[in-house]
Amino acid sequence: MSHCLRNDQSQSREKLPELSELTPAEQSSLCRFMQLALVEARKAADEGEIPIGAVLVHKSEIVARAHNAREKSKNPLHHAEMAALEEGGKRLDNWRLSETTLYVTLEPCLMCLGAVLQARVGGLVFGCTDPKRASAHLFPSLSNQSSITANNHTLQITGGILENECAALLKDFFETKREKKG
């Protein structure tokens, strides 16, 4: 099996599990669900949207898949994470999604992270970090976080799953977009 956690040791990673610490089933699940989020991200790119995809999983079952749709809908709220949370809440008939894990190809923005916390999602797994947030003071990257506690709830966080694939998809999308402008 390929190594699906990031290899970068230049940043503190003590809070994130090493691949060797996970069971084969856990390793397989992390990669499998992130691969499905990448499928959604590719759909977004094909539609001219920023290629971000999300998959919401409840007890090892996929309850929602989504990708960015802001351009198509003309709605700034139509991020992949928001759509997956909305669909998941409807499918599970509950706004409390505490027994779910959200897989998303890029670490969530402030709006989406707020929604994840409000929905009481149990786990967040993201592919790559947002390089624009590396030096942000208002809303720093989640890359060194293992959890966030808010609203009497703790969100478990794992980042860097299929990081290179997630980052490459975004990079290629924006390079192509710049070439078309130029």
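Attention in this report is confined to the structure presented alongside it. (Residues numbered from 1 in each chain as written. Predicted model: local features only at pLDDT ≥ 70, side-chain atom pairs only at ≥ 80, totals over all residues. Heavy atoms only, no water.)

**Considering the environment of Gly-123**
Working step 1: Topologically, Gly-123 is positioned in strand β4 (residues 123–128).
Working step 2: Given the relative accessible area of 9%, Gly-123 is considered buried.
Working step 3: Along the primary structure Gly-123 and Ser-146 are separated by 23 residues, whereas in three dimensions their C-alpha atoms are 9.9 Å apart.
Working step 4: Once you skip the residues sitting within four places of it in the chain, Gly-123 turns out to touch Thr-100, Thr-101, Leu-102, Leu-155 and Gln-156. (Helix = DSSP H or I, 4+ residues; strand = E, 2+ residues; numbered from the N terminus. Buried < 20%, exposed > 50% of the residue type's maximum accessible area, 1.4 Å probe, protein only. Contact = heavy atoms within 4.5 Å.)

**Notes on the packing of helix α1 (residues 24–46) against helix α5 (residues 163–181)**
Working step 1: Two elements in contact, α1 and α5, have axes separated by 10 Å at closest approach and are oriented at 5°. Comparing the axis directions of α1 and α5 gives the class roughly parallel. Touching Met-34, Leu-38, Ala-41, Arg-42 and Ala-45 of α1 are Glu-165, Cys-166, Leu-169 and Phe-173, all from α5.
Working step 2: Tallied by class, residues from the contact of α1 with α5 come to 7 nonpolar, no polar and 2 charged. (Axes fitted to C-alpha atoms, helices over the stretch in contact; angles between N-to-C directions. Parallel < 35°, antiparallel > 145°, perpendicular 65-115°, else oblique. Nonpolar A, V, L, I, M, F, W, Y, C, P; charged D, E, K, R; others polar.)

**Some remarks on the pattern of salt bridges**
Working step 1: Scanning all chains against the criterion turns up 4 salt bridges.
Working step 2: Across the pair Lys-59 and Glu-99 runs a salt bridge, and its minimum N-O distance is 3.2 Å. Note that Lys-59 is positioned in the loop between β1 (53–58) and β2 (61–67) and Glu-99 in the loop between α3 (80–92) and β3 (100–106), a separation of 40 residues in sequence.
Working step 3: Of the charged contacts, one joins Lys-171 and Glu-175 as a salt bridge, the two residues approaching to 3.7 Å between their closest N and O atoms. Here Glu-175 and Lys-171 lie together in helix α5, a separation of 4 residues that amounts to about one turn.
Working step 4: For Glu-175, a relative accessible area of 31% gives the class partly exposed. (Salt bridge = Lys/Arg side-chain N within 4 Å of Asp/Glu carboxyl O.)

**Section: the side chain of Asp-130**
Working step 1: Here Asp-130 lies in the loop between β4 and β5 (147–150).
Working step 2: Overall, Asp-130 belongs to the buried group, its relative accessible area being 19%.
Working step 3: When residues no more than four places from it in sequence are discounted, the contact partners of Asp-130 are Leu-106 and Glu-107.

**Here's the deal with the pairing of β1**
Working step 1: Counting buried positions along β1 yields 6 of 6 residues, so the element is predominantly enclosed.
Working step 2: Across the two faces of β1 the burial is the same, with Gly-53, Val-55 and Val-57 and Ala-54, Leu-56 and His-58 all buried.
Working step 3: When β1 meets β2, the two strands line up antiparallel, connected through 6 bridges. Residue Ala-54 lies in a different strand from β2, and its bridge partner there is Ala-66.
Working step 4: Here β1 folds back onto β2, and the loop between the two strands holds 2 residues, one of which, Lys-59, carries a positive phi near 50°. (Pairing = 2+ DSSP bridges.)

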